[in-house]
Amino acid sequence: MAFSDAHGRRLKAAIVRWVIYGATLLTVAVLFGILGYILCNGVPNLTPELFAWEYTTDNVSLMPAFINTILIAALALTIAVPLGIGAAIYLVEYARRGNRFVMVVRAAAETLQGIPSIIYGLFGLLFFVTALGWRLSLMAGAFTLAIMVLPVIMRTTEEALLAVPNAYREASFGLGAGRLRTVFCCVLPTAIPGIVGGVILALGRCVGEVAALLYTAGSVAEVPNFLQQGFAAFFQPTRTLATHLYVLASEGLHTQETFATAVVLLILVITLNLGANFFAKKLGVKREDG
Amino acid sequence: MSAKFKEKLASALFGFTAAVSILAVALICLFLFLNGVPALADIGLPEFLFGSTWQPSSGIYGIFPMIVGSIYVTAGAMIVGVPTGLLTALYLSRFANAKIAQFLKPGVELLAGIPSVVYGFFGLMIIVPFIRTSMPGNGFSLLAASLLLGVMILPTVITVAQSALDAVPRSYYEGALALGADHERSVLQVVVPAAVSGLMASVILGVGRAIGETMAVVMVAGNQVQIPTSIFEGVRTMTANIVLEMGYAADLHRGALIATGVVLFVFILLITLLLNLIKRRSEI
């Protein structure tokens, strides 16, 4: 046996160590490689024309797509955040342990989490766009995204609520507060950083999504005209920044502008991620991406 | 409003919001199956699943090449991503000093946050041209898709595997040390086996991520309907099939695409089920 002596054992340990170091180095290199490549090629191409208010096939401005991204993400979160937080409150604060309903809810949330975005897109197309007759629109896209990020918000809020020490609740009950007051005055304020972290994470998911939006929100590079059309503008087709990047990249005509668009999208997403981390850390809640 | 009534109302309201996710899953299943099954019945299940010709213009719908494509691409991504991911998780959990880990963890999370179009664009600009110039074929290939997806599943594999490794009680590791094993041996032969169900979960989550990925794959895989005979040939996945043709499909063609979604959905459900089985086994 070559490895029976101390020397051999030490050699084997060293090999194991270096293989592990190598793999980690590879991961780090890939991370920096991708970020560096996009940034280096994109930043020099950030021109003022790219931020023009109107999109034309010449300037391929990303501004309408950028505004649409904010609109659609805001709308999606307006729908998903109350539902997700409410559901998490129910699971943590109201439901009794071993409740059948809770088990089904958890299984459903877990299933939702595993569904790929293209399936959400397909569902959005069949349900919101076709069955409800919303056509390709801001509204249909936002609702599709809302369902997609619902489990993210549920899970992060649940973790944040679970991290609130039970003593807080007991103290509140001891002072004579009911369950509702305990939740809103004691538990939620303490859990806010974790919840905000989850919401920002969901926002990042919305911003980067394409597959779920291509056949629900469409790809028209115009901002819906709320001033002229009022509420009907919600049912105009829209193109978000990520969709814009996909369209540009697959056209392959404006490589420099595509890089610049990728940089804007990347910076947006990185900022959101850092924000989510910052808030999540404030409460000391550990976050895992599943 | 009496306090008691208020409490009841709040409880019901929160209960309703919790029920929304059940409703969502039910609606998704209902609408996918409602729209996909008639087409399946029309085409015939065996012809649809095992037919190797996809010619919407002549009414032939066989998605076997796409099923094989999805499996190939996912397997390729596993070969690229799983060893790297697991080893990186081992490093972060048992080898890194606190300072480096503090810097690497957000880095991995960042990798998870990068949108798939950005990955796809990167693949289109770097991986595809590299394969085109140094290997046979035009670059849009099974290999390109596997490499790109392998990178994309890294964060999933790393974070889940790391939390599984972190959860192994300290006493296991210390016990191994006390028996005279060195650090590497204690980790590999005691900590890793103790965390094995969590590690398996990380791999399965990676499979789910890879098989469902759409935009990045569409951009680099070439998308020819064929069963590739080498890794340098193009391949079309189920997800790509949906996204490429849904824009203009009508009638039975549209139904066939939705049915492709149903098949994909069934794959994902099986993966979720498998994940639950592993989780349950690890709890016992």
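Structure's up top.
Let me sum up the structure you'll find in this document. Because the structure is predicted, anything quoted here is derived from the model rather than measured. (Residues numbered from 1 in each chain as written. Chains lettered and ligands numbered in written order. Predicted model: local features only at pLDDT ≥ 70, side-chain atom pairs only at ≥ 80, totals over all residues. Heavy atoms only, no water.)

1. Structural notes on the pattern of salt bridges
Here is step 1 of the chain: For the coordinates displayed, the defined rule picks out six salt bridges over all chains.
Here is step 2 of the chain: Between K279(B) and E110(A) there is a salt bridge; the shortest N-O distance is 3.9 Å. Here E110(A) lies in helix α3 (residues 100-114) and K279(B) lies in helix α12 (residues 251-283), a pairing that spans two chains.
Here is step 3 of the chain: We classify K279(B) as partly exposed; its relative accessible area is 36%.
Here is step 4 of the chain: E110(A) sits in the partly exposed class, given a relative accessible area of 29%. (Salt bridge = Lys/Arg side-chain N within 4 Å of Asp/Glu carboxyl O. Helix = DSSP H or I, 4+ residues; strand = E, 2+ residues; numbered from the N terminus. Buried < 20%, exposed > 50% of the residue type's maximum accessible area, 1.4 Å probe, protein only.)

2. Observations regarding the interface of chain A and chain B
Here is step 1 of the chain: Taken residue by residue, the interface counts 79 residues in chain A and 79 residues in chain B.
Here is step 2 of the chain: For the pairing of chain A and chain B, the buried interface totals around 6900 Å² over both sides, and the portion due to carbon and sulfur atoms is 80%.
Here is step 3 of the chain: The largest contributions to the chain A side of the interface with chain B come from I20(A), I34(A) and L126(A), which together make up 9% of the buried area.
Here is step 4 of the chain: At the boundary of chain A and chain B, one finds 10 residue pairs in polar contact (both at pLDDT 80 or more).
Here is step 5 of the chain: The dominant element in the side of chain A that touches chain B, judged by the number of residues it contributes, is helix α1 (residues 6-42) of chain A, at 20 residues.
Here is step 6 of the chain: Each residue belonging to the side of chain A that touches chain B can be placed in one class, and the counts come to 57 nonpolar, 14 polar and eight charged. (Contact = heavy atoms within 4.5 Å. Buried area = accessible area lost by both parts, 1.4 Å probe. Polar contact = N/O pair within 3.5 Å; in protein donor to acceptor, adjacent residues only side chain to side chain. Nonpolar A, V, L, I, M, F, W, Y, C, P; charged D, E, K, R; others polar.)

3. So, the packing of α3(A) against helix α1 (residues 3-43) of chain B
Here is step 1 of the chain: Following both chains from N to C, one finds α3(A) and α1(B) inclined at 50°, their axes separated by 9 Å at the closest point. In terms of orientation, α3(A) and α1(B) fall into the oblique class. In the crossing of α3(A) with α1(B), the sense of the turn from one axis to the other is left-handed. For the pair formed by α3(A) and α1(B), the contact residues are F101(A), V104(A), V105(A), A108(A), A109(A), T111(A) and L112(A) on the first element and G15(B), A18(B), A19(B), S21(B), I22(B), A24(B), V25(B) and I28(B) on the second.
Here is step 2 of the chain: Broken down by class, the residue content of the contact of α3(A) with α1(B) amounts to 12 nonpolar, three polar and no charged. (Axes fitted to C-alpha atoms, helices over the stretch in contact; angles between N-to-C directions. Parallel < 35°, antiparallel > 145°, perpendicular 65-115°, else oblique. Left-handed = near helix turned anticlockwise from the far one by under 90°.)

4. Some remarks on the environment of T229(B)
All names here are of chain B.
Here is step 1 of the chain: With respect to the helices and strands, the residue T229 is situated in the loop between α10 (215-220) and α11 (238-245).
Here is step 2 of the chain: Accessibility expressed as a relative area gives 70% for T229, which makes it exposed.
Here is step 3 of the chain: When the C-alpha atoms of T229 and L142 are compared, they prove to be 10.0 Å apart, with 87 residues separating the residues in sequence.
Here is step 4 of the chain: Polar contacts involving the side chain of T229 include one to the side chain of E233, which spans 2.6 Å.

5. Let's talk about the nonpolar core
Here is step 1 of the chain: Core analysis: the biggest nonpolar cluster contains 182 residues, and I38(A), L265(A), I28(B), L32(B), F48(B) and V117(B) have the highest contact counts within it.
Here is step 2 of the chain: Two domains share this core, each providing at least three of its residues, namely domain 1 (3-50) and domain 2 (63-283) of chain B.
Here is step 3 of the chain: Beyond its immediate stretch of four places on either side in the chain, V117(B) contacts G208(A), V210(A), A242(A), L245(A), Y246(A), L265(A), M215(B) and M219(B).
Here is step 4 of the chain: Of all hydrophobic cores here, the second largest spans seven residues; its members include I204(B), I211(B), I268(B) and I278(B). (Core = buried A, V, L, I, M, F, W, Y, C linked by side-chain atoms within 4.5 Å. Domains from an automatic or database assignment.)

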